[in-house]
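These are the residues of each chain, in order.
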Amino acid sequence: MTTTSTAPARPAPLFDDPQQSTARRILGTFKGPVGSISAALVVTLLIGLIWVGPAYLSPSNVQIVGVSVAIPLIVGVMASFALLAGVVDLSIGSMVGFGAVIFNQLVAAGLDPWLVALITVVVGAVVGLTNALVIVKFGAEPLAVTLGMLTLLRGLCQVIVVSAPPSTLIDPLYTVTQGAILGFPTLLLIGIGVTLIAAGIVSKTRVGRKVQAVGGDDRAAARAGISVTKVRVIALMVSGIGAAIGGILYVGQLGSASNVLGTGLEFQIYAALMIGGYSITRGGVGNPLGGLLGLLVVAGITNILNVQFFDPDYLDLIVAIILLAAVLVDRIRGGDSFE
Amino acid sequence: MTHSTTRGRLARLGLIGLAAGLALTGCSTVGSTAGGDSGATGAADDGTFTVGFATGGQPDADWQQLQGDVAQGLAEQRGWDFVELSNDNSEATATKNADIFIQKGVDVVMMFNGQPSANPVIAKKYEAAGIPVVTFDIAQPGWYFVGVDNAAAGTEGGTSLGELAKEKWDCKVDLVISAEGTAAGQINTWRTGNARDAVKKTCPDIPEGNYVSYEADGNLTTSLANAPGVFAAHPDAKNILVVGLNDQAVVGALQAATQLGRDGSIMGWGQDGGLITGDNVDPNLVGSVMYFLEGYPASAFEIADAIEAGDAPAVKDTGDDAAVSVKPCPVTAEEAASIPSIEDRVSQLASAPKGSTEYDLFCKA
Amino acid sequence: MTTSLITAADPAAAPEGRGGRRRPDRRGPAGYRDALSIAAVWLVLIVATTVVRPDFLSSQTLLAVTFTMSISGILAVAQAIIVISGGLLDLSLPVALVFSAWATVTALNNGLPTPVAIVIGILAGAAWGALNGLIVVFGKLNPIIVTLATGFGGLAVMLIFFTSAQIPSASDLRLYGLGRFLGLPNIFWPMVIVIIVAGLALHFTRWGRHVVAVGGNAQAAKARGINLRRMRLATFIGAGAVAGLAGVMFSAVTPSFTAAAGAGFQLIVIGAVILAGISLSGGKGNLLVLLLSIGFLATIPASIAFFGLPPAWALVFQGALLIIAVGIDGYRLKRTAR
């Protein structure tokens with residue numbers, strides 16, 4: 001990063017230059033945070049290959065990483081729309097747990113899994129809508145509202161699950177969440193699919209530009225005729241729905257849901273998203289591809305420590321340092337500086 | 001525009017690296033299919049017997065980390081390989097750990113899983129991989145159960161406390177508080193519930209309305225935060241008994257009683273012996289049931305010895321019919337005073353003859 | 001330059017450059033109104049519980065509530081100082097708490113006299129604050145992100161280096177933690193003193209006025225000649241020292257604790273600050289309202305116990321109340337802005 005310190009703050013263009021070729025545009029995505037996080041991923045892979053050996057990229061190890069990163073990826077990509085629109089949603093971890101608990105308990109009660117999945121997703125949407133109502137309609141601080149929702153939903157999990165939760169092994173869901181297609185984890189493929197779609201929406205569609213515009217400067221967006229309210233309501237609902245889906249997938253993967261499932265997940269996900277170029281304090285920045293890479297870096301390091309049987313406490317320390325380094329690099333490159 | 005080109009180069013470098021990584025994945029896929037099913041981490045299965053050990057990872061319980069330390073010592077004694085992971089008190093991590101141990105190709109797995117809701121899935125994985133599992137304290141069909149008979153431990157603790165109440169207060173008890181840890185599931189029902197039932201049995205005349213429960217979450221800080229309201233809500237209760245999931249939960253309630261000036265006549269009987277030894281025992285913790293949790297690996301390694309010798313014992317997987325039943329050791333506070341602290345017990349166990357359990361070494365020695 | 005988007009959803013937030021703060025006289029009527037509305041809700045809760053359980057109004061309830069208020073109250077002051085100074089939020093306070101408690105207990109276990117141990121505990125908190133402050137000031141990084149990182153990084157380090165810590169049961173500090181003064185727990189009084197002293201300092205000292213000025217509009221404060229870096233660093237160190245005192249009190253009432261023991265305080269402390277109307281955008285806040293909001297939040301678990309509900313309901317109510325409170329607050333701001 002030798003030359004970056006002289007780089008002037010250059011705001012991301014709101015609308016892509018239509019004359020740019022597709023190839024250039026894709027490459028353009030890799031400039032900025034996505035570029036440096038790609039480099040970090042390469043370094044991670046190299047360290048893994050050197051320390052662990054070729055087995056680091058063996059199918060079984062890719063499977064382990066894929067299975068563990070896929071659900072946070074799906075939840076994180078959906079939540080990233082809220083970040084992009086400038087409204088951080090801290091309740092996603094508790095919503096993952098709450099979604100999982102509802103899904104697990106109702107399936108165990110004998111209801112049809114598809115119906116229950118639908119109910120769970122609707123609950124996620126309602127939670128997102130509630131957040132949005134208080135934040136957008138009443139103008140409350142997103143951090144405060146979603147922190148309240150985090151507490152409330154965790155409380156509900158504990159109210160519902162008071163002793164050992166029932167076990168619900170749903171075979172098709174287990175196969176999807178733990179299985180592989182052609183040697184590649186199925187769920188990670190789905191997660192990457194979701195990421196690519198989201199990246200497409202963000203960088204290529206009018207909807208994506210609107211979200212970025214609202215997150216970047218809501219007044220300017222409003223003057224440009226964009227409905228700030230609508231964008232933020234939908235973004236928060238997408239975030240809630242993503243967390244509900246994450247909960248369902250966890251039940252598929254783990255066969256049950258305790259009342260602590262998803263505790264602290266929001267900070268793990270946001271730490272990874274921030275490493276990937278998002279900001280929890282500023283809207284309009286970040287790309288789902290960066291989020292994917294950020295999660296992969298953290299998962300890759302976790303896995304190196306795991307397969308070398310290293311004390312996992314060091315992981316949090318390493319993630320903390322990488323997070324600080326990432327926001328520092330972003331700041332030096334011309335991102336937000338705090339005075 | 002120099003910075004921009006540099007960044008472009010960096011980005012391209014990143015892309016190339018990614019591509020290389022993906023290509024390598026492909027190659028190793030081919031390699032591994034050709035090479036058969038050998039231990040995937042290439043950490044070459046050199047034939048040495050390998051123990052995979054997963055600690056509970058609940059930061060409130062230091063015995064969980066000590067279990068790992070004890071196990072490591074026992075493995076070194078035998079010249080075995082030893083690999084350790086932490087379940088991090090998370091069902092998702094515990095499930096991932098199973099995949100890692102299977103990939104490593106360990107010969108036996110030992111674990112404490114404090115969030116057992118995913119145990120059926122974990123069991124399915126180990127069964128498919130043909131790896132025997134020793135579980136501590138939380139039973140799962142198909143796994144060797146090493147642990148205390150939790151149901152008996154609860155009953156013995158409750159009975160001892162009931163006897164004390166009979167002797168001191170003639171069973172005139174105004175309040176029986178259960179400091180629950182519902183996340184522990186069945187274990188909580190056995191320890192806390194059975195202790196409560198045993199008090200009921202010993203002192204049958206305590207009115208049903210005098211029994212109350214609250215969530216202590218198995219740790220002192222949470223218990224101390226939630227208990228004050230319980231005492232305040234029963235302002236007239238004088239003679240108070242406390243049972244609970246573990247010593248931390250019970251001591252949290254006793255501390256709250258002290259803060260509210262309700263420690264005039266209160267007696268708590270803990271479980272697991274976590275806070276009954278050492279210099280700073282709560283004066284109202286009149287006893288506990290010691291299981292010598294940190295010593296469980298000694299029992300697990302007896303099973304591992306048999307497995308290593310190619311003579312795996314039949315799986316006994318319930319608390320009633322356990323592979324190794326750790327005898328609960330109910331102790332009063334006075335008896336506990338002569339029992340060494342947890343660190344000293346660990347070091348003494350390490351130098352004790354093979355096959356010794358902590359129960360033999362320390363219970364009412 | 002973008003404004004902090006934590007508050008961006010609030011259309012009343014003044015955009016940077018326009019300079020005007022949205023509540024010029026926020027210490028006056030607004031503080032009163034916050035105080036009155038919290039006191040009113042608190043009263044409703046007390047009346048409702050008393051209707052169901054007349055014995056709710058007792059010295060036992062008072063003891064339970066004041067005990068619950070003590071440590072979270074001191075921590076909330078630390079958090080409030082950060083928030084008012086425009087430092088957004090300190091997510092690493094649980095680490096500051098346990099780190100200083102551990103330092104205190106370690107000092108006592110090594111035979112150091114009680115006053116020295118207390119000073120060591122407070123200094124440990126200040127040192128932790130200094131670490132955060134240095135990273136924020138010299139990295140020019142957002143404090144939420146910095147303290148998120150130092151929060152889990154610090155917990156990791158503590159988990160690596162110590163398992164559990166126990167205060168000597170015969171030490172003066174331990175006996176202090178078990179005692180009472182004027183019928184209330186001993187540890188309640190330092191909390192009251194901290195709130196009063198910090199509240200007075202914020203309003204009446206030069207330092208306090210600078211904290212509020214920097215929090216209200218950093219650029220304007222800078223233009224007036226306030227050294228932002230020194231101010232920020234001093235704020236983090238000061239808040240850290242307050243958190244250190246919370247740690248000392250925590251060690252006095254908790255006979256055995258582990259590295260993760262502070263986690264339970266995080267949400268309640270942030271909730272109390274927000275409920276007290278101390279805006280995350282900085283520059284405003286009244287610590288007496290904070291005292292009310294801590295008292296109110298501490299009453300909820302006691303009420304729950306009197307209703308005979310499982311304590312998990314306390315989380316549900318606290319979460320719901322936080323949402324409702326910030327909703328009402330936001331709505332009010334929106335209306336006054338029109």
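Here the structure is a predicted model, which means the values were calculated and not measured.

About the criteria used
- Residues numbered from 1 in each chain as written.
- Chains lettered and ligands numbered in written order.
- Predicted model: local features only at pLDDT ≥ 70, side-chain atom pairs only at ≥ 80, totals over all residues.
- Helix = DSSP H or I, 4+ residues; strand = E, 2+ residues; numbered from the N terminus.
- Buried ≥ 20, exposed ≤ 12 C-beta atoms within 10 Å, placed from the backbone.
- Contact = placed C-beta atoms within 7 Å.
- pLDDT = per-residue confidence, 0-100.
- Axes fitted to C-alpha atoms, helices over the stretch in contact; angles between N-to-C directions.
- Left-handed = near helix turned anticlockwise from the far one by under 90°.
- Nonpolar A, V, L, I, M, F, W, Y, C, P; charged D, E, K, R; others polar.
- UniProt positions renumbered as here; feature names shortened; annotations may be inferred.
- Parallel < 35°, antiparallel > 145°, perpendicular 65-115°, else oblique.
- Pairing = 2+ DSSP bridges.
- Expected span 1.5 Å × (residues − 1).
- Domains from an automatic or database assignment.
- Right-handed = clockwise from strand over helix to strand, strands pointing away.

Considerations on the overall build of chain C
Right, so step 1: Each helix and strand in chain C was counted, giving 13 helices and 4 strands.
Right, so step 2: Along the three orthogonal principal directions, the C-alpha set of chain C runs to about 60 × 50 × 35 Å.
Right, so step 3: Among the 338 residues that make up chain C, the fraction classed as buried is 58%.
Right, so step 4: Expressed as a percentage of contacts within chain C between residues at least 6 apart in sequence, the contacts between residues at least 24 apart total 78%.

Details of the overall build of chain B
Right, so step 1: A tally of helices and strands in chain B yields 12 helices and 12 strands.
Right, so step 2: Across the 365 residues that make up chain B, the buried fraction comes to 58%.
Right, so step 3: For chain B, the share of sequence-separated contacts (at least 6 apart) that also reach a separation of at least 24 residues comes to 74%.

What about the confidence of the model for chain C?
For residues with low pLDDT, the predicted coordinates do not support detailed interpretation.
Residue and element names in this part refer to chain C.
Right, so step 1: Across chain C, the average pLDDT comes to 86, with 90% of residues at or above 70.
Right, so step 2: Low pLDDT, under 50, characterises residues 1-27; the stretch is placed with 64 contacts to residues that sit more than four places away or in other chains.
Right, so step 3: Taken over the whole predicted complex, pTM reads 0.85, whereas the ipTM for its chain interfaces reads 0.86.

Topic: the packing of helix α5 (residues 113-137) of chain A against helix α11 (residues 228-254) of chain A
Residue and element names in this part refer to chain A.
Right, so step 1: Two elements in contact, α5 and α11, have axes separated by 7 Å at closest approach and are oriented at 145 degrees. Judged by the sense of rotation from one axis to the other, the crossing of α5 with α11 is right-handed.
Right, so step 2: When the residues that make up the contact of α5 with α11 are grouped by side-chain class, the tally is 17 nonpolar, 8 polar and 1 charged.

Remarks on the interface of chain A and chain C
Right, so step 1: In this complex, chain A contributes 52 residues to the contact, which on the side of chain C involves 54 residues.
Right, so step 2: Elements that contribute at least two residues to the side of chain A that touches chain C include exactly α5, α6 (142-160), α9 (206-216), α10 (218-223), α12 (265-275) and α14 (313-332) of chain A.
Right, so step 3: Residue contributions to the side of chain A that touches chain C peak at 14 residues, all from α6 of chain A.

Brief notes about the UniProt feature "domain: Periplasmic binding protein" (unreviewed entry) in chain B
Right, so step 1: The UniProt feature table records "domain: Periplasmic binding protein" (unreviewed entry) at residues 52-304 of chain B.
Right, so step 2: Within the segment residues 52-304 of chain B, helix and strand shares are 45% and 19% respectively, and the terminal C-alpha atoms sit 11 Å apart.

A word on the environment of Thr151 of chain A
Right, so step 1: For Thr151 of chain A, the position within the fold is in helix α6.
Right, so step 2: A sequence separation of 156 residues divides Thr151 of chain A from Val307 of chain A, and the C-alpha atoms of the two residues are 35 Å apart.
Right, so step 3: Not counting chain neighbours up to four residues away, the residues in contact with Thr151 of chain A comprise Leu267, Leu315, Gln318, Gly319 and Leu322 of chain C.

As for the packing of helix α7 (residues 220-232) of chain B against helix α12 (residues 287-307) of chain C
Right, so step 1: Direction vectors running N to C along α7 of chain B and α12 of chain C enclose 50 degrees, while the axes themselves pass 8 Å from each other. Relative to α12 of chain C, α7 of chain B is oriented oblique. For the pair α7 of chain B and α12 of chain C, the sense of crossing is right-handed. Together, Asn226, Gly229, Val230 and Ala232 of chain B of α7 of chain B and Pro301, Ala302, Ile304 and Ala305 of chain C of α12 of chain C make up the contact between the two elements.
Right, so step 2: When the residues that make up the contact of α7 of chain B with α12 of chain C are grouped by side-chain class, the tally is 6 nonpolar, 2 polar and no charged.

A few points about the sheet that holds strand β1 (residues 50-55) of chain B
Residues and elements named next belong to chain B.
Right, so step 1: With parallel pairing, the 6 strands of this open sheet are ordered in space as β2-β1-β3-β4-β5-β11. Single-partner strands in this sheet number two, and they are β2 (81-86) and β11 (324-326). Here the strands of the sheet are splayed against their neighbours by 15 degrees on average, with no regard to which way each runs.
Right, so step 2: Pairing of β1 with strand β3 (residues 108-111), which is carried by 4 bridges, proceeds in the parallel orientation. For Phe53, the partnering residue across the bridge sits in β3 and is Met110.
Right, so step 3: Contacts from helix α2 (residues 62-78) reach β1, β2 and β3 within the one sheet, and its direction differs from that of β1 by about 170 degrees.

A word on the sheet that holds strand β8 (residues 240-244) of chain B
All names here are of chain B.
Right, so step 1: Taken in spatial order, the 6 strands line up as β7-β6-β8-β9-β10-β12 in an open sheet, and their pairing is mixed. The sheet is open, and its two edges are formed by β7 (211-215) and β12 (329-332), each paired on a single side. Between one strand axis and the next, the sheet turns by 20 degrees as a mean value, whatever way the strands run.
Right, so step 2: Inspection of the sheet shows strand β9 (residues 266-269) paired to strand β10 (residues 285-290) by 2 bridges, in the parallel sense.

So, unusual backbone geometry
All names here are of chain B.
Right, so step 1: Non-glycine residue Asn89 carries a positive phi angle of around 55 degrees.
Right, so step 2: Residue position: Asn89 is located in the loop between β2 and α3 (91-104).
Right, so step 3: Exposure remark for Asn89: the 22 C-beta atoms within 10 Å place this residue in the buried category.

Comments concerning α2 of chain B
All names here are of chain B.
Right, so step 1: Relative to the 24 Å expected for 17 residues at 1.5 Å per residue, α2 spans 25 Å between its end C-alpha atoms, a close match to the ideal helical length.
Right, so step 2: Among the residues of α2, those classed as buried are Trp63, Gln64, Gln65, Leu66, Gln67, Gly68, Val70, Ala71, Leu74 and Ala75.
Right, so step 3: Tucked inside the fold, the buried residues of α2 contact β1, β2, β3, α9 (296-308) and α11 (342-351).
Right, so step 4: After α2 finishes, the residue Gly79 shows a positive phi value of roughly 70 degrees.

Some thoughts on the domain arrangement of chain B
Residues and elements named next belong to chain B.
Right, so step 1: Taken domain by domain, chain B consists of domain 1 (50-149 + 293-326) and domain 2 (150-290).
Right, so step 2: Taking only C-alpha atoms, the centre of domain 1 and the centre of domain 2 are 30 Å apart.
Right, so step 3: Between domain 1 and domain 2, the contact holds 10 residues from the first and 11 residues from the second.
Right, so step 4: Residues of the side of domain 1 that touches domain 2, tallied by class, amount to 6 nonpolar, 1 polar and 3 charged.

What about the environment of Ile170 of chain A?
All names here are of chain A.
Right, so step 1: Position of Ile170 among the secondary structure elements: in the loop between α6 and α7 (171-178).
Right, so step 2: Spatially, the C-alpha atom of Ile170 lies 9.2 Å from that of Val107, the residues being 63 residues apart in sequence.
Right, so step 3: Setting aside its immediate chain neighbours within four residues, Ile170 contacts Val107, Pro113 and Gly252.

As for the pairing of β7 of chain B
Residues and elements named next belong to chain B.
Right, so step 1: Pairing of strand β6 (residues 175-180) with β7, which is carried by 5 bridges, proceeds in the parallel orientation. Note on β7: the bridge partner recorded for Ile177 is Val212.
Right, so step 2: Once the chain exits β6 it traverses helix α6 (residues 186-202) before rejoining the sheet at β7, and the crossover so formed is right-handed.

Some words on the confidence of the model for chain B
Right, so step 1: For chain B, per-residue confidence averages 83 on the pLDDT scale, and 87% of positions sit at 70 or higher.
Right, so step 2: Per-element confidence in chain B ranges from a low mean pLDDT of 42 for helix α1 (residues 2-35) of chain B to a high of 96 for β8 of chain B.

Re the environment of Met78 of chain A
All names here are of chain A.
Right, so step 1: Inspection of the secondary structure assignment puts Met78 in helix α3 (residues 59-84).
Right, so step 2: In this structure Met78 comes out as buried when scored by C-beta crowding, with 27 C-beta atoms within 10 Å.
Right, so step 3: Spatially, the C-alpha atoms of Met78 and Ser239 are 5.1 Å apart, while their sequence positions differ by 161 residues.
Right, so step 4: Non-local contacts of Met78, meaning those with residues more than four positions away in its chain, are made with Val238, Ser239, Ile241 and Gly242.

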